[in-house]
Amino acid sequence: MSLENIRPDGWRGRIGVIVPPSNTVNETEFNRLKPDGVTFHFTRSPLHPNPAGDDFAEMMRDLDRACGDLTSCAVDLVAYGCTAGSMACPADRLLGKLREVSGVEGISTAGAILAALEALSVERIAMATPYTEETNAHEAHFLAEHGIEVVAASGLGLNTSLENIQRISRVAPKAVFDHAIAVDRPEAEALLICCTDFNTLDAVEPLEEALGKPVITSNTATLWAALRALGIGDAIPGCGRLLREF
């Protein structure tokens, strides 16, 4: 076999991803879907229950370290892969920190969700999460501030302790499907499933078929935004209209 035309891994793009310490699903789903020539490189940064309490100082210090790890990998883009964290921190602070330390473009799950909804021309959504009602309310408020009406939201109440947070990644796709179906409303133009540690990937296509509307997840939106930011426009089938058509 000739090696002359074989390119190195990541020749089209190396994407660094920062996730919470307990997150195991994001890494798995991204690697299932990665186009040829793209690699993902993960590091972890602590969750902050009240990041605004110290004006995001601790969160920024942790991001310094995480971005430093990814800079050593010479990544081409850094993605902050945490839904609640990226919705809590002002985008200019969060993305500014990613760019400042890494020296490359930065995106976040929150920004990716907004961009995905805009691409799909969606303004009203139903939202399914593994979170508490309090967290859902915070996320609905964030979306409302950006012109997205959450007509219904429901969570599983799992982000209450480390033990429960670790259960999020163990919720089976069928349970995710049933949870999402239950929260949908006719007036919702799309369904959003939040949390990068939620096993949503296998449920997306069945949900779109059952509901007849787009289904976006934290991970599909973040993956889509990361690839498109690097100019990688490959259609990825089997995980929803967003990655298939946009």
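Residues numbered from 1 in each chain as written. Predicted model: local features only at pLDDT ≥ 70, side-chain atom pairs only at ≥ 80, totals over all residues. Heavy atoms only, no water.

### As for unusual backbone geometry
Positive phi, normally seen in glycine, also occurs at F56, with a value near 65°. With respect to the element layout, F56 can be found in the loop between β2 (38-44) and α2 (57-72). Look at A74: it is not a glycine, yet its phi comes out positive at around 55°. On the secondary structure map, A74 appears in the loop between α2 and β3 (77-80). Overall, the relative accessible area of 48% leaves A74 in the partly exposed class. (Helix = DSSP H or I, 4+ residues; strand = E, 2+ residues; numbered from the N terminus. Buried < 20%, exposed > 50% of the residue type's maximum accessible area, 1.4 Å probe, protein only.)

### A few points about the pattern of salt bridges
Counting across every chain of the model gives 15 salt bridges. The shortest N-O distance in the salt bridge between E27 and R44 comes to 3.8 Å. Of this pair, E27 sits in helix α1 (residues 25-33) while R44 sits in strand β2, and the two are 17 residues apart along the sequence. E100 is the partner of K97 in a salt bridge, and the nearest nitrogen-oxygen pair spans 3.8 Å. Taken together, the positions of K97 and E100, both in helix α4 (residues 91-102) and three residues apart, correspond to about one turn of that helix. Under the relative-accessibility criterion, K97 is labelled buried at 11%. Residue E100 is classed as exposed on the basis of its relative accessible area, which comes to 60%. Each of E205, E208, R241, R244 and E245 takes part in one network of salt bridges that share partners. (Salt bridge = Lys/Arg side-chain N within 4 Å of Asp/Glu carboxyl O.)

### Concerning the packing of helix α8 (residues 173-183) against helix α9 (residues 201-211)
Two elements in contact, α8 and α9, have axes separated by 9 Å at closest approach and are oriented at 35°. Pair α8 / α9 crosses with right-handed handedness. Here α8 contributes P173, V176, F177, A180 and I181 to the contact with α9, which in turn contributes D202, A203, P206, L207, A210 and L211. Its residues assigned to classes, the contact of α8 with α9 shows ten nonpolar, no polar and one charged. (Axes fitted to C-alpha atoms, helices over the stretch in contact; angles between N-to-C directions. Left-handed = near helix turned anticlockwise from the far one by under 90°. Contact = heavy atoms within 4.5 Å. Nonpolar A, V, L, I, M, F, W, Y, C, P; charged D, E, K, R; others polar.)

### Re helix α5 (residues 109-119)
Residues of α5 that are buried: T109, A110, A112, I113, L114, A116 and L117. The first or second residue beyond α5 is S121, which carries a positive phi of 60°.

### Observations concerning the packing of aromatic side chains
The final tally for this structure, using the stated rule, is two aromatic pairs. Ring geometry for F30 and F40: centres 5.0 Å apart, planes at 55°, overall tilted. Here F30 is found in helix α1, whereas its partner F40 is found in strand β2, with ten residues between them in sequence. Note on accessibility: F30 and F40 belong to one class, buried. Site record: aromatic cluster; members linked through ring pairs are F30, F40 and F42. Taking NZ or CZ as reference, R7 lies 4.2 Å from the ring centre of W11, over its face. Seen from the ring of W11, R12 lies directly overhead, with NZ or CZ sitting 5.9 Å from the centre. (Phe/Tyr/Trp six-rings, centres within 6.5 Å; stacked < 30°, edge-to-face > 60°. Lys NZ or Arg CZ within 6 Å of the ring centre and 35° of its normal.)

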